[in-house]
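# Inside the fold
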Amino acid sequence: MVEIREEEGKIMCVFSGRMDTVNTGEVEKELAEKLVPKEQSVEFKLDEVDYVASSFLRLCLKYAKAGGKTRFKITGVSPNVKKVFKIAGFDKIMTIE
Amino acid sequence: MKSLKLKAEMESLSPLLEFIRDQAVEKQINPDEIQEVELACEEILVNVIQYAYSEDGGDVEIRVPDRKDGFFEIEITDSGEHFDFLSLPNPDTDSPLKDRISGGLGIHLARQMMDEVSYQRAGGFNKVNLIKKTEAV
């Protein structure tokens, strides 16, 4: 559901599948164990994700607060997922591509 | 009317949503709308699972009335504590990042994904009704 790797000095988190409440709980644990952002940028790659629930939004908010708009970004967002981010008003506070 | 009653616990979330999805597919609702219905129902169900009951637990029931007027309706019922989470204020989606809080996002999403979300307390039950106008006939 999430693959974490370092790429060009930043931490890439490549998600796949449904980011519903149950799955997000699992990936949140995994990120907490493996991801230590420190000074590095973090990217959430969502090309393989077509469903996100509010639990995943909360996870994004947590890392956005840690990294700010410059050191945290979300990429590969499908139209359906983008709609959810927009409803939450996250498009105003995060870099979403 | 089709219905499914399961224990209000996280393990029930997936079969409950599958039940809703099956009903929506049967009514030939388009995939994007199904996903919106599913998301709204997930958010309500998670609230029920997390907050309706104390340690003794209880059930949550989904009913899908057989409407043929272009509306897809779902009723979510539990017999837990009287708690109208729909009465809580919406999150401020315009505030800067530092002021953002995560509370209330789920219910906000549910409201936005559906045309109507309402709460009723009757006979010791909490009942949330979700209605979406669909393109299906």
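Here goes a summary of the coordinates provided. (Residues numbered from 1 in each chain as written. Chains lettered and ligands numbered in written order. Predicted model: local features only at pLDDT ≥ 70, side-chain atom pairs only at ≥ 80, totals over all residues. Heavy atoms only, no water.)

The next subject is the pattern of salt bridges. A full pass over the atoms with the stated rule returns 22 salt bridges over all chains. As a salt-bridge pair, E43 of chain A and K10 of chain A come within 2.8 Å of each other at their nearest N and O atoms. Separated by 33 residues along the polypeptide, E43 of chain A in strand β3 (residues 42–48) and K10 of chain A in strand β2 (residues 10–16) bring together distant segments of the chain. In this structure E43 of chain A comes out as buried when scored by relative accessible area, which is 6%. The exposure class assigned to K10 of chain A is partly exposed, which follows from its relative accessible area of 22%. A salt bridge links E26 of chain A to K29 of chain A; its shortest N-O distance comes to 3.9 Å. Linking E26 of chain A with K29 of chain A, this pair stays in helix α1 (residues 21–34), spanning three residues, or about one helical turn. According to the relative accessible area criterion, K29 of chain A is exposed, its value standing at 52%. Put simply, R18 and D20 of chain A together with R21 and E38 of chain B are held in one network by salt bridges that share partners. (Salt bridge = Lys/Arg side-chain N within 4 Å of Asp/Glu carboxyl O. Helix = DSSP H or I, 4+ residues; strand = E, 2+ residues; numbered from the N terminus. Buried < 20%, exposed > 50% of the residue type's maximum accessible area, 1.4 Å probe, protein only.)

Attention shifts here to the environment of K68 of chain B. All names here are of chain B. Mapped onto the elements, K68 comes out in the loop between β2 (59–64) and β3 (71–78). Of the residues examined, K68 reaches a relative accessible area of 68% and is grouped as exposed. Sequence separation between K68 and K27 is 41 residues, and the spatial gap between their C-alpha atoms is 9.0 Å.

With 24 residues of chain A at the interface, the matching set in chain B holds 28 residues. Taking both sides of the interface into account, the surface hidden between chain A and chain B amounts to around 2100 Å²; carbon and sulfur atoms contribute 57%. Considering only the side of chain A, the residues that lose the most area to chain B are Y51, I87 and I93 of chain A, jointly responsible for 26% of the buried surface there. Put simply, chain A and chain B have three salt bridges between them. Between E38 of chain B and R18 of chain A there is a salt bridge, and its shortest N-O distance comes to 2.7 Å. Across the chain A-chain B interface, the total number found is 17 residue pairs in polar contact (both at pLDDT 80 or more). Where the side of chain A that touches chain B is concerned, the elements lending two or more residues are α1, α2 (54–71) and α3 (79–87) of chain A. The dominant element in the side of chain A that touches chain B, judged by the number of residues it contributes, is α2 of chain A, at seven residues. (Contact = heavy atoms within 4.5 Å. Buried area = accessible area lost by both parts, 1.4 Å probe. Polar contact = N/O pair within 3.5 Å; in protein donor to acceptor, adjacent residues only side chain to side chain.)

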